Amino acid sequence: MKKVIAHRLDVWKEEPLYWDLLSGMDKRLYESTIPKSLIDLIKVRVSQINKCAFCIDYHTEDALKHGETSRRLFALSAWQESPLFTDIERIVLEVVEEVTYIFNHGVSDEAYEKLLAHFTKKEIADIIVCICHMNFLNRIGISTKTAAY
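Residues numbered from 1 in each chain as written. Predicted model: local features only at pLDDT ≥ 70, side-chain atom pairs only at ≥ 80, totals over all residues. Heavy atoms only, no water.

### Concerning the pattern of salt bridges
Spelled out, the test is: Just to be clear on terms, a salt bridge is a Lys or Arg side-chain nitrogen sitting within 4 Å of an Asp or Glu carboxyl oxygen. Remark: exposure states derive from per-residue accessible area (1.4 Å probe, protein chains only) relative to the maximum for the residue type, with buried under 20%, exposed over 50%, and partly exposed in between. Only runs of H or I of at least four residues qualify as helices and only runs of E of at least two qualify as strands under DSSP, and these elements are numbered from the N terminus.
What the rule picks out here adds up to twelve salt bridges. In this structure, the salt-bridge partner of R72 is E68, at a minimum N-O distance of 2.6 Å. With relative accessibility at 14%, the residue R72 sits in the buried group. Residue D126 pairs with K122 through a salt bridge whose shortest N-O separation is 3.8 Å. Residue D126 and its partner K122 are located together in helix 9 (residues 121-143), separated by four residues, close to a single helical turn.

Written as structure tokens, this is what we have:
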């Protein structure tokens, strides 16, 4: 069954250049050296935190298409307690939460150092941009009441 997308305001229709720019950003992220599976986890987890139902649905579906398991997606909101995630995924998910809840204290030095132990500075930049990109999209989706039926 094909999804029908509804909004109270379709930002992308009102200004298509925004969608072009954001799509280019997304394409660039998937061309980076960050594993696609990690990008998918970032997108879903950010969307869970922000409670963007449309993005949770959309990015969970993408993650499954890219090979993610439903079991790990079901456990993602409890990643800290779940044995299903690698140490590297846990480090990134910690930073996902620190960036998304930026108002608490930002990204801690400890979390940043953990990233440096596993990623280049360029990759860390890609991870941070991915998190911020998803937070931005969530805010558009929630503000415009975007839903898929």
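### So, the packing of aromatic side chains
Keep this limit in mind: Each pair of aromatic rings taken from Phe, Tyr and Trp, with Trp reduced to its six-membered ring, is defined by centres within 6.5 Å and is described as stacked if the planes are under 30 degrees apart, edge-to-face if over 60, and tilted in the remaining cases.
Under the counting rule described, the total for this entry stands at three aromatic pairs. Between W12 and W19, the aromatic rings sit 5.1 Å apart at their centres with planes inclined by 55°, giving tilted as the arrangement. Take W19: its relative accessible area is 41%, and that puts it in the partly exposed class.

### Some thoughts on the packing of helix 8 (residues 109-116) against helix 9
For clarity, the cut-off: Angular values range over 0 to 180 degrees, each being the angle between N-to-C directions of two axes fitted as lines to C-alpha atoms, with helices fitted over their stretch in contact. An angle counts as roughly parallel when it lies under 35 degrees, as roughly antiparallel when it exceeds 145, as roughly perpendicular when it falls between 65 and 115, and as oblique in every other case. When checking whether two residues touch, look at their non-hydrogen atoms; a contact exists if any pair is within 4.5 Å. Residues were grouped as follows: Ala, Val, Leu, Ile, Met, Phe, Trp, Tyr, Cys and Pro as nonpolar; Asp, Glu, Lys and Arg as charged; and all remaining residues, including Gly, as polar.
As a packed pair, helix 8 and helix 9 sit with axes 9 Å apart at the nearest point and diverge in direction by 125°. Relative to helix 9, the element helix 8 is oriented oblique. Along its contact with helix 8, which presents Y112, L115 and L116, the element helix 9 presents K121, I124 and I127. Here the residues of the contact of helix 8 with helix 9 sort into five nonpolar, no polar and one charged.

### Some words on the packing of helix 3 (residues 36-50) against helix 6 (residues 87-100)
As a reminder, the rule being used: Crossing chirality is assigned from the near helix's rotation relative to the far helix, an anticlockwise turn below a right angle marking it left-handed and a clockwise turn marking it right-handed.
At a minimum axis separation of 10 Å, helix 3 and helix 6 run at an interaxial angle of 35°. Like other packed secondary-structure pairs, helix 3 and helix 6 cross with a definite hand, here right-handed. Where helix 3 approaches helix 6, its residues L38, L41, I42, R45, V46, I49 and N50 are matched on the opposing element by E89, V92, L93, V96, E97 and T100. Looking at the contact of helix 3 with helix 6 residue by residue, the class counts come to eight nonpolar, two polar and three charged.

### Re the nonpolar core
Just so we agree on the cut-off: Think of a nonpolar core as a cluster: buried Ala, Val, Leu, Ile, Met, Phe, Trp, Tyr and Cys residues, connected wherever their side-chain atoms sit within 4.5 Å.
Formed by 27 residues in total, the largest nonpolar core has its most connected members in I42, V92, V96, L115, F119, I127 and I131. Every element with two or more residues in this core is listed here: helix 1 (11-14), helix 2 (16-31), helix 3, helix 4 (53-65), helix 6, helix 8 and helix 9. Formed by nine residues, the second largest nonpolar core is a distinct cluster that contains L41, A75, W79 and F85.

### Thoughts on helix 4
We apply this condition: Each helix should span, by expectation, one fewer than its residue count multiplied by 1.5 Å.
With 13 residues, helix 4 extends 18 Å from end C-alpha to end C-alpha; this agrees with the ideal 18 Å at 1.5 Å per step. Residues of helix 4 that are buried: F54, C55, H59, T60, D62 and A63. The inward-facing, buried residues of helix 4 abut strand 1 (5-6), helix 3, helix 5 (70-75), helix 9 and strand 2 (147-148). Positive backbone phi, approximately 105°, marks G67, located one or two places after helix 4.

### Structural notes on helix 6
Compared with the 20 Å implied by 1.5 Å per residue over 14 residues, the 20 Å span of helix 6 between its first and last C-alpha is a close match. Taken together, the buried positions of helix 6 are E89, R90, I91, V92, L93, E94, V95, V96, E97, E98, V99 and T100. Those residues of helix 6 that are buried lie in contact with helix 3, helix 5, helix 7 (102-105), helix 8 and helix 9.

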